[in-house]
Amino acid sequence: MISQDDLGNLKAIAGEQFVSTGESVLNLHSHDESYHTPALPDVVVWPHSTDEVSRITRYAFEKKLPITGWGVGTSLEGNPIPVNHGIVVDFQEMQKVIAIRPEDFQVDVQAGVVYKELNKALSRHGLFFPPDPGAAATIGGMIGNNASGIRTVKYGGTKDHIMRLVVVLPGGEVIRIGNRARKSSSGYDLIHLFVGSEGTLGLVTEATLRLVGLPANFMALRVAFPEVKNATDTVFKIMSSGFSPAAMEFLDSNVIGVLNRDRNLTMEERPTLLMEFNGFSNEGLRDEMDYIEEICAENSSTIIDKGIGQEERDRLWEIRHLTFESLKRQHPGLLPLIVDVAVPLSSYSDTVAFIKKEVSELNAYVFGHAGDGNIHVVVMDDPADGFRWAKVDEANHRIVEKALAFEGTCTGEHGVGIGKRCFLPDEHGDSLELMKRIKNLIDPEGIFNPGKFF
Ligand SMILES: Cc1cc2nc3c(=O)[nH]c(=O)nc-3n(C[C@H](O)[C@H](O)[C@H](O)COP(=O)(O)OP(=O)(O)OC[C@H]3O[C@@H](n4cnc5c(N)ncnc54)[C@H](O)[C@@H]3O)c2cc1C
């Protein structure tokens, strides 16, 4: 438990009004967007600088207080839940865009910057930061979870866009890693050790991000198919034909049904692909569209809604961004268990077919970033109903087993958090032991985001 002395000392570092034990503040920082059991922190602190984070961390280390980083809590696996209570460090007061360097396609930011706000600022320079997890996530949270999203199929995930990090280690030591060169083969790749470590090794306070130019022209398609296999085979066909979609999403007919009901839409309730392509000219995109349509027709597509230009793209894509919200609204009182497996593209069709069979008796919705071989299954149910939740959990385990049998992963983008811990021994085998040794080396007291990974 935090004592009055501790509170006084934290206030001396961050300022009186930036330390809170208020009930609503603690509640807000006790849960993410998942079904995992909330846990209250003892105190929430909002630092303003790397120096303050370092001093808070040193204090926590000396007092052996758990310390958990917090972006905006949009994780889906319990990643930021402070299961051992202690201090939550919320990065909301560290939202500075420090320097935009358009000539180098780079930006320096503090960890609390929200990527959607960042992209608004970058658009004035014709640039953007491509990983796009949908929710209004912070850069620190995206680095924590190695988030990705609908544009990853073309541009990569968060890990592919981090050049430099400022990290506060568990004793309060500040390290600067990486450089601004476009390539480097200098030393161990520490950047990628911290990206995806979910705040278990250190707190990121600043980052230099690699950017890309905004696309000049857009083309988008929404294509429905008679059966799931027609849609998933089309994904493989398009990807293996050398096309480079800017986004390629699969939605099963249950998802389309929920979107129709929730948004008053009239889409054909069939397995559907949403695709986007970017290019230099509309003529080039029109040619590409013809080829894509041909491939879809060969796989028995039943309806194609398509368009060229940003407005058309926005119209066709709006539904995908709304999926999670619509699912929750259409199932009041139920919570989501989210499967997030990813497999090699050649196994995509078989994996989706397996999943559809596994969840046929459940309240389940299958969709995902198909071009990355990433499949989400959202099962809406009541964790308090032991009998039903056991069935949900069994299906979850069987799906992950299948993905691992295809040499895939239990989590393509949501991270391990609490929910995926049980799968790590099967996925990583002996190398899990090395991960534990790294954790013990960097955080011997186990104070950084305890209860995650291991
Ligand atoms: C509607 C919806 C859609 C989503 N879609 C996607 C998607 O398409 N792809 C995807 O990848 N994710 C998706 N997510 C999940 C989530 O948005 C991402 O994982 C996101 O990166 C979390 O960011 P956050 O700022 O909310 O971080 P939080 O949830 O607050 O924290 C995430 C993790 O990072 C740690 N952390 C936070 N800040 C720091 C820091 N400064 N230094 C070190 N560690 C830190 C936390 O302790 C925690 O372990 C979605 C979530 C929702 C609600």
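Because the structure is a prediction, the values reported are computed rather than measured. (Residues numbered from 1 in each chain as written. Predicted model: local features only at pLDDT ≥ 70, side-chain atom pairs only at ≥ 80, totals over all residues. Heavy atoms only, no water.)

Engineer: In this structure, what is going on with the overall build of the chain? I would like to understand it.
Structural biologist: The helix and strand tally for the chain stands at 15 helices and 18 strands. Radius of gyration (C-alpha) of the chain: 22 Å, near the 22 Å computed for a compact globule of 454 residues. Overall, the chain is about 70 × 60 × 45 Å in size when its C-alpha atoms are taken along their principal axes. When burial is assessed residue by residue, the chain has 55% of its 454 residues classed as buried. Approximately 19,400 Å² of the chain is accessible, and the part contributed by carbon and sulfur atoms is 49%. Computed over 44 positive and 63 negative side-chain charges, the inter-centroid distance for the chain is 2 Å. (Helix = DSSP H or I, 4+ residues; strand = E, 2+ residues; numbered from the N terminus. Rg over C-alpha atoms; globule rule 2.2 N^0.38 Å. Buried < 20%, exposed > 50% of the residue type's maximum accessible area, 1.4 Å probe, protein only. Areas by Shrake-Rupley, 256 points an atom, 1.4 Å probe, with all protein chains shown as cover. Lys, Arg positive; Asp, Glu negative; His and termini not counted. Charge placed at Lys NZ, Arg CZ, Asp CG, Glu CD.)

Engineer: Is there a simple way to explain the nonpolar core in this structure?
Structural biologist: Among soluble globular proteins, nonpolar side chains are generally buried collectively. Counting 49 residues, the largest nonpolar core has Phe250, Met275, Phe277, Val359 and Val377 as its most contacted members. Top element by residues in this core is helix H13 (residues 386-405). It accounts for seven residues. Looking at this core, you find at least three residues from each of domain 3 (215-326) and domain 4 (331-443). Counting 29 residues, the second-largest nonpolar core is a separate cluster that includes Val45, Ile67, Val89 and Val168. (Core = buried A, V, L, I, M, F, W, Y, C linked by side-chain atoms within 4.5 Å. Domains from an automatic or database assignment.)

Engineer: It is not clear to me how the domain arrangement of the chain should be interpreted in this structure. Could you clarify?
Structural biologist: Accessible area lost upon the coming together of the parts is a frequently used measure of interface size. We note that the domain assignment places domain 1 (4-92), domain 2 (95-213), domain 3 (215-326) and domain 4 (331-443) within the chain. Its C-alpha centre places domain 2 at a distance of 29 Å from the equivalent point of domain 3. Taken together, the contacts link nine residues of domain 2 with 14 residues of domain 3. For the pairing of domain 2 and domain 3, the buried interface totals around 810 Å² over both sides, and the portion due to carbon and sulfur atoms is 54%. Here domain 2 is connected to domain 3 by one salt bridge. When the shortest N-O distance is used, the salt bridge between Glu276 and Arg151 registers 3.3 Å. Ranked by residues supplied to the side of domain 2 that touches domain 3, first place goes to helix H6 (residues 152-155) with three residues. When grouped by side-chain class, the residues that make up the side of domain 2 that touches domain 3 number four nonpolar, two polar and three charged. (Contact = heavy atoms within 4.5 Å. Buried area = accessible area lost by both parts, 1.4 Å probe. Salt bridge = Lys/Arg side-chain N within 4 Å of Asp/Glu carboxyl O. Nonpolar A, V, L, I, M, F, W, Y, C, P; charged D, E, K, R; others polar.)

Engineer: Please explain the side chain of Asn449 as it appears in this structure.
Structural biologist: Relative to the helices and strands, Asn449 resides in the segment after helix H15 (431-442). Here Glu198 takes part through its backbone oxygen, which lies 2.8 Å from a polar atom of the side chain of Asn449. What Asn449 contacts, discounting residues up to four positions off in sequence, is Ile67, Thr68, Asn79, Ile81, Glu198, Gly199 and Thr200. (Polar contact = N/O pair within 3.5 Å; in protein donor to acceptor, adjacent residues only side chain to side chain.)

Engineer: How do you make sense of the site of the ligand when you look at a structure like this?
Structural biologist: Taken together, 36 residues are adjacent to the ligand, and Gly69, Thr74, Ser75, Pro133 and Ser148 come closest. Here an oxygen atom of the ligand sits 3.1 Å away from a polar atom, N or O, in the main chain of Glu198. In the complex, the protein chains occlude 95% of the 980 Å² of accessible area that the ligand would expose alone. Secondary-structure elements contributing two or more residues to the shell around the ligand are strand S3 (67-70), helix H5 (139-145) and strand S10 (203-210). (Near = heavy atom within 4 Å.)

Engineer: Would you explain the pattern of salt bridges in this entry?
Structural biologist: It is possible for side chains bearing opposite charge to pair when their charged atoms get close. Summed over all chains, the structure comprises 25 salt bridges. Across the salt bridge formed by Lys120 and Glu117, the nearest N and O atoms sit 3.4 Å from each other. Taken together, the positions of Lys120 and Glu117, both in helix H4 (residues 115-123) and three residues apart, correspond to about one turn of that helix. Here Arg222 ties to Asp305 by a salt bridge, and the two come within 3.5 Å at their closest N and O atoms. With Arg222 in strand S12 (residues 217-224) and Asp305 in strand S15 (residues 303-308), this residue pair connects regions lying 83 residues apart in the sequence.

Engineer: Can you walk me through the sheet that holds strand S1 (residues 19-20) in this structure?
Structural biologist: Here four strands make up an open sheet; going across it, the order is S1-S2-S4-S3 and the pairing mixed. Edge positions in the sheet fall to S1 and S3, since each has one partner strand and no second. Relative to strand S4 (residues 87-90), S3 runs parallel, the two sharing four bridges. Within the sheet, the bridge partner assigned to Thr68 lies in S4 and is Val88. (Pairing = 2+ DSSP bridges.)

Engineer: Help me understand the packing of aromatic side chains, please; the structure alone is not making it clear to me.
Structural biologist: How two aromatic rings sit relative to each other is given by the distance of their centres and the angle of their planes. Counted according to the given criterion, the structure contains five aromatic pairs. Considering the side-chain rings of Phe243 and Phe277, the 6.5 Å spacing of their centres and the 80° angle between planes classify their relative orientation as edge-to-face. Note that Phe243 is positioned in the loop between helix H8 (228-240) and strand S13 (247-251) and Phe277 in strand S14 (residues 272-279), a separation of 34 residues in sequence. Side by side, Phe243 and Phe277 carry an identical accessibility label, which is buried. Summarising the aromatic geometry, the rings of Phe453 and Phe454 are spaced 5.9 Å apart at their centres and angled 75° between planes, so their arrangement reads as edge-to-face. You can call Phe454 partly exposed: its relative accessible area is 38%. (Phe/Tyr/Trp six-rings, centres within 6.5 Å; stacked < 30°, edge-to-face > 60°.)

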